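Survey of secondary and tertiary structure
These are the residues of each chain, in order.
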Amino acid sequence: MSKLQYKRLLVKFSGEAVAGDDVHGIDPKILDHMANSVKGVQELGAEIGIVIGGGNLFRGEKLSKAGMDRVAGDHMGMLATVMNGIALRDALERAGVKTRVMSAISMSGLVEHYDRRLAIQLLSDGYVVIFTAGTGNPFFTTDTAGCLRAIETQSSLMLKATRVDGVYSADPETNKDAVFYDSLSFDEAIQQNLKIMDATALTLARDHSLPIKVFDFSKENALLDIACGKSIGTLISS
């Protein structure tokens, strides 16, 4: 059996990934794939936190451009992440994985309010903990929330699941000459504005020496292989 390279992981799933081939909504097959992938890593002894986006249910940027107050739009986006978190919890529990959902915004009766010390204890006790509602503040992305929760829970690595196999110099879906990077420094990623994630998230990770792995989640056993130290995707580090 393969041995874990990383004991505690924070996995960032985008809301768009939950929609699968559709633009909006939730694809149960995608949720089941996520749950089974997480279960496989956990069975090796890994402790796993998850941050999930909400872009499949609500995109505040478009409404903001149309005149909606940005703060109101961001609050609505936070609620969308909670909906995705509850859906993913259901898939994980059906797969036999103990799971808790925490929200940065208090929602008594639906999910637990985020508590760092409790989250660390739950991870140590074998629960998968899903962190929702971003940071609880407007103007911050779920990528930044992912870095923040990874640092707060003392995770060894943050994994950013994407539709491509790593980081390129340009969008590989539209530019055939895009160059693949197997590794990057935080400063290189920020200076080249590679659109991996926003600069706030990258700066936060850099300042706290949190390595980030960007990978194609659709690849079979990708999550498990990375947890065991295989060279997959792009590693961003100091």
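What counts as what
Residues numbered from 1 in each chain as written. Predicted model: local features only at pLDDT ≥ 70, side-chain atom pairs only at ≥ 80, totals over all residues. Heavy atoms only, no water. Helix = DSSP H or I, 4+ residues; strand = E, 2+ residues; numbered from the N terminus. Rg over C-alpha atoms; globule rule 2.2 N^0.38 Å. Buried < 20%, exposed > 50% of the residue type's maximum accessible area, 1.4 Å probe, protein only. Contact = heavy atoms within 4.5 Å. Areas by Shrake-Rupley, 256 points an atom, 1.4 Å probe, with all protein chains shown as cover. Pairing = 2+ DSSP bridges. Axes fitted to C-alpha atoms, helices over the stretch in contact; angles between N-to-C directions. Salt bridge = Lys/Arg side-chain N within 4 Å of Asp/Glu carboxyl O. Lys, Arg positive; Asp, Glu negative; His and termini not counted. Polar contact = N/O pair within 3.5 Å; in protein donor to acceptor, adjacent residues only side chain to side chain. Expected span 1.5 Å × (residues − 1). Phe/Tyr/Trp six-rings, centres within 6.5 Å; stacked < 30°, edge-to-face > 60°. Lys NZ or Arg CZ within 6 Å of the ring centre and 35° of its normal. Core = buried A, V, L, I, M, F, W, Y, C linked by side-chain atoms within 4.5 Å.

Scanning the protein from terminus to terminus reveals nine helices and 11 strands. Its C-alpha radius of gyration of 17 Å places the protein within 12% of the 18 Å reference for a compact globule of 238 residues. For the C-alpha atoms alone, the extent of the protein along its principal axes is close to 55 × 50 × 35 Å. Within the protein, buried positions represent 47% of all 238 residues. Contacts in the protein between residues far apart in sequence, at least 24 positions, make up 71% of those at least 6 positions apart. Counting only carbon and sulfur atoms, one obtains 49% of the accessible surface of the protein, whose full area is about 11600 Å².

This part takes up the sheet that holds strand β9 (residues 183-185). Ordered by their spatial adjacency, nine strands build an open sheet running β4-β3-β5-β2-β1-β6-β10-β11-β9, and the pairing between neighbours is mixed. Strands with a single pairing partner mark the edges of an open sheet, and in this sheet they are β4 (112-113) and β9. Two elements, strand β2 (residues 47-52) and strand β5 (residues 128-132), share three bridges in a ladder whose sense is parallel. For Gly-49, the partnering residue across the bridge sits in β5 and is Val-129. Along the sheet, helix α4 (residues 70-94) makes contact with β1 (8-13), β2, β3 (99-103) and β5, crossing β5 at roughly 165°.

In this section: the pattern of salt bridges. A full pass over the atoms with the stated rule returns 12 salt bridges. Note that Glu-152 is salt-bridged to Arg-149, the shortest N-O span being 2.7 Å. Linking Glu-152 with Arg-149, this pair stays in helix α6 (residues 142-152), spanning three residues, or about one helical turn. A relative accessible area of 22% places Glu-152 in the partly exposed class. The class for Arg-149 is buried, based on a relative accessible area of 4%. Connected through salt bridges with shared partners, the residues Lys-12, Asp-143 and Lys-160 form a single ionic network.

So, about the side chain of Asp-27. Structurally, Asp-27 is set in the loop between α1 (15-18) and α2 (28-42). We note that Asp-27 is buried and unpaired, the nearest opposite charge coming from Lys-29 at a distance of 6.3 Å. Within the local environment of Asp-27, its side chain forms a polar contact with the backbone nitrogen of Lys-29, the two atoms lying 2.9 Å apart. Contact partners of Asp-27, with chain neighbours within four places excluded, come to Val-18, Ala-19 and Gly-20.

Next up on the list: α2. Taking 1.5 Å of rise per residue, 15 residues should cover 21 Å, and α2 covers 21 Å from first to last C-alpha, within 8% of that figure. Of the surrounding elements, those touching the buried residues of α2 are β1, α1, β2, α4, β5 and α9 (222-227). The N-cap of α2, judged by a side-chain oxygen 2.9 Å from the amide nitrogen of Lys-29 a few residues on, is Asp-27.

Inspection of the entire model under this criterion finds four aromatic pairs. With 5.7 Å between their ring centres and 80° between their planes, Tyr-114 and Phe-131 make a pair best called edge-to-face. Here Phe-131 lies in strand β5 and Tyr-114 lies in the loop between β4 and α5 (116-124), a separation of 17 residues in the sequence. The pair Tyr-114 / Phe-131 is uniform in exposure class, with both members buried. Lying over the aromatic face of Tyr-127, Lys-98 brings its terminal NZ or CZ to 4.5 Å of the ring centre.

Another point: the nonpolar core. In this structure, Phe-13, Ile-48, Ile-50, Leu-88, Leu-92, Leu-159 and Phe-215 are the most contacted members of the largest nonpolar core, which totals 39 residues. Contributions of two or more residues to this core are made by β1, α2, β2, α4, β5, β6 (157-162) and α9. Take this core: its biggest share by element is six residues, from α4. Here Leu-88 is in contact with Phe-13, Leu-31, Met-34, Ile-50, Ile-52 and Ile-130, once residues within four sequence places are set aside. Tyr-114, Ala-119, Cys-147 and Met-158 belong to the second largest nonpolar core, which has 28 residues in total.

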